[in-house]
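Residue-level structure breakdown
For reference, the chains in residue letters:
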Amino acid sequence: MKKIIINLSIILLSGIGVKAQNKNPFLWGIASAAYQVEGGYRADGKGESKWDFLTNKVGVTQFLIGQKQTGNVAINMYDRTQYLKDIQLMKELGVNSYRFSLDWSRIIPDGIGAVNEKGLAHYDLLIDDLKAAGIEPVVTLYHFDYPMALVQKGGWGNPEMINWYKNYAEVVLKRYGKKVKYFITFNEPYIEFMVAEYLINMEQSKEPNTVRFAKGIQKAHRQLLANAAAIKMFHEMNLKGQIGMTLNLSPCLPLDSNNPKDIKASEFEDKLLNKFFLDGLFKGTYPQQVVDSVQKYDPSFQPSGSEMKILAETKPDFLGINYYAPALVSYDEKAPFASTWMDNNTDKVKSHNGPVRPDELYHLLTRIKNDYGSPKMMITENGAGFEGEDIKVKPIVKDPLRADFIQRHVVAALKAKTDGVNLIGYFPWSGWDNFEWVFGYTKRFGLIYVDFETQERIPKQSYFEYQKIIKANK
Ligand code: GCO
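We now turn to the structure provided with this report. Bear in mind the structure is a predicted one, so any value in this text is a computation, not a measurement. (Residues numbered from 1 in each chain as written. Predicted model: local features only at pLDDT ≥ 70, side-chain atom pairs only at ≥ 80, totals over all residues. Heavy atoms only, no water.)

All right, on to the nonpolar core then. Within the largest apolar cluster, 134 residues are counted, with the highest numbers of intra-cluster contacts made by Trp104, Tyr165, Phe183 and Tyr466. A per-element tally of this core places helix H11 (residues 209-236) first, with twelve residues. Beyond its immediate stretch of four places on either side in the chain, Trp104 contacts Gly111, Tyr142, Tyr146, Pro147, Leu150, Met161, Trp164, Tyr165 and Tyr168. Counting residues in each nonpolar core, the second largest holds 14 residues, with Val138, Tyr324, Ile424 and Phe445 among its members. (Core = buried A, V, L, I, M, F, W, Y, C linked by side-chain atoms within 4.5 Å. Buried < 20%, exposed > 50% of the residue type's maximum accessible area, 1.4 Å probe, protein only. Helix = DSSP H or I, 4+ residues; strand = E, 2+ residues; numbered from the N terminus. Contact = heavy atoms within 4.5 Å.)

Right, let's get into helix H10 (residues 189-200). What sets the pattern is the α-helix's 3.6 residues per turn: residues three or four places apart point alike. Counted at 1.5 Å a residue, the expected span for H10 with its twelve residues is 16 Å, and the 15 Å between its end C-alpha atoms agrees. For H10, the set of buried residues is Pro189, Tyr190, Ile191, Glu192, Phe193, Met194, Val195, Glu197, Tyr198 and Ile200. On its buried side, H10 packs onto helix H3 (50-58), strand S4 (182-187), H11, strand S5 (242-248) and helix H12 (260-282). Just past H10, the residue Asn201 takes up positive phi, approximately 50 degrees. (Expected span 1.5 Å × (residues − 1).)

With that settled, the discussion passes to the site of the ligand. The environment of the ligand is made up of 14 residues, and the closest members are Gln36, Glu188, Tyr324, Glu381 and Glu436. One of the side-chain nitrogen or oxygen atoms of Tyr324 is found 2.8 Å away from an oxygen atom of the ligand. Interatomic distance of 2.5 Å between a side-chain N/O atom of Glu436 and an oxygen atom of the ligand. Contact with the protein chains removes 94% of the 320 Å² of surface that the ligand exposes when unbound. Taken together, the residues of the shell around the ligand break down into six nonpolar, five polar and three charged. (Near = heavy atom within 4 Å. Polar contact = N/O pair within 3.5 Å; in protein donor to acceptor, adjacent residues only side chain to side chain. Areas by Shrake-Rupley, 256 points an atom, 1.4 Å probe, with all protein chains shown as cover. Nonpolar A, V, L, I, M, F, W, Y, C, P; charged D, E, K, R; others polar.)

Bringing the packing of aromatic side chains into the picture now. In the structure shown here, the tally under the stated rule is 40 aromatic pairs. Taking NZ or CZ as reference, Lys415 lies 4.2 Å from the ring centre of Tyr362, over its face. (Phe/Tyr/Trp six-rings, centres within 6.5 Å; stacked < 30°, edge-to-face > 60°. Lys NZ or Arg CZ within 6 Å of the ring centre and 35° of its normal.)

Shape descriptors only; they carry no functional weight alone.
Here you go:
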């Protein structure tokens, strides 16, 4: 039955069609991030990054999975012999683009100061190899990892971080700006500060959770300022490409729609999770309720008029959207800012990153179109992993739930496109199973199975499903 539905929707998809404009065709790609796939720990003069430190010295995976795992080898994609094979798999998949990130500590090992030519040369070659294979690089400058030397100086807790990032971005944009068409300044500030750093409590702070959460918003504000600085610089360089920022966005719904407390909490969560970032990025304003709540716990959060002016004056060329699931919010008086949503999932078969709701992707895209002047949007991540799938079998690893997830989300995204959303690309997370941060290698999201011992790759059912979707739409 499911198969019939899938086949029918493919016919439907081909009907909708995405017209290829010669200059900038719709981007059908896959996504990854440096720390999760590269390995090459300290190769070619790389400096120590925040995640090198967290996994090797703090052992952060221990808290959740009970053992120490690191990205020191990951899926070995720093190695050219390996990544050339992976490019071949991308070609067979039929993608015309690949989203990956640069590790700042390969390029400027101490964060500021001397530039490491070997690190720059590595990414130069990767970009050239991709282009030679007909695959457009979509380059994220910063995906959670940055040099440990800057963490020691306070990281985003230090306002100087904006200038350090700007300096790094200048090196990158000057070097690759002529051959890369799509840059992404940052990935998911909310997840970086309000989820990952917050849960890890990297600074080992004894402050109450509310204060730590509020300080996370202050860091996110600085990241938005750094984003604006990089975009302004890119535009002044008069390059032909486009630059944007990627946010994790989740429609916020009350867990119990009959409970007024859940309804209120979900409205507030929407402002924290979505509106704060979208308004900051597109309007240069923040929701007053968020500002008031943050100032209550961190009085130093005082975005100045000139800072807000910088935000208001600088617009991204496109918005990158990472969508996995809606947030089902329940009121919790003990939780910072009084709500929880991460663990709420009412689905019978649970996906790692929340309830499976393709309709909410449609709602999200149309809401952004209506509220923010119809910006260009790129779905830079969308994906799932389910307990019990992804068992190593040859020649194809079975992952029917992921295949179904991708298929239904593509239908929702293309429906939004048909209804006027300016959608320019779609990138499932991820091309390959990889290092899933604090969960180490225990959660798989790839379209391609990876044996983490041998580095063997085996395409999954979802790989072939996505291959059909791309074919039907080209
Ligand atoms: C994030 C990142 C990815 C994750 C993916 C799956 O959302 O944390 O962008 O690096 O691996 O979302 O959880």
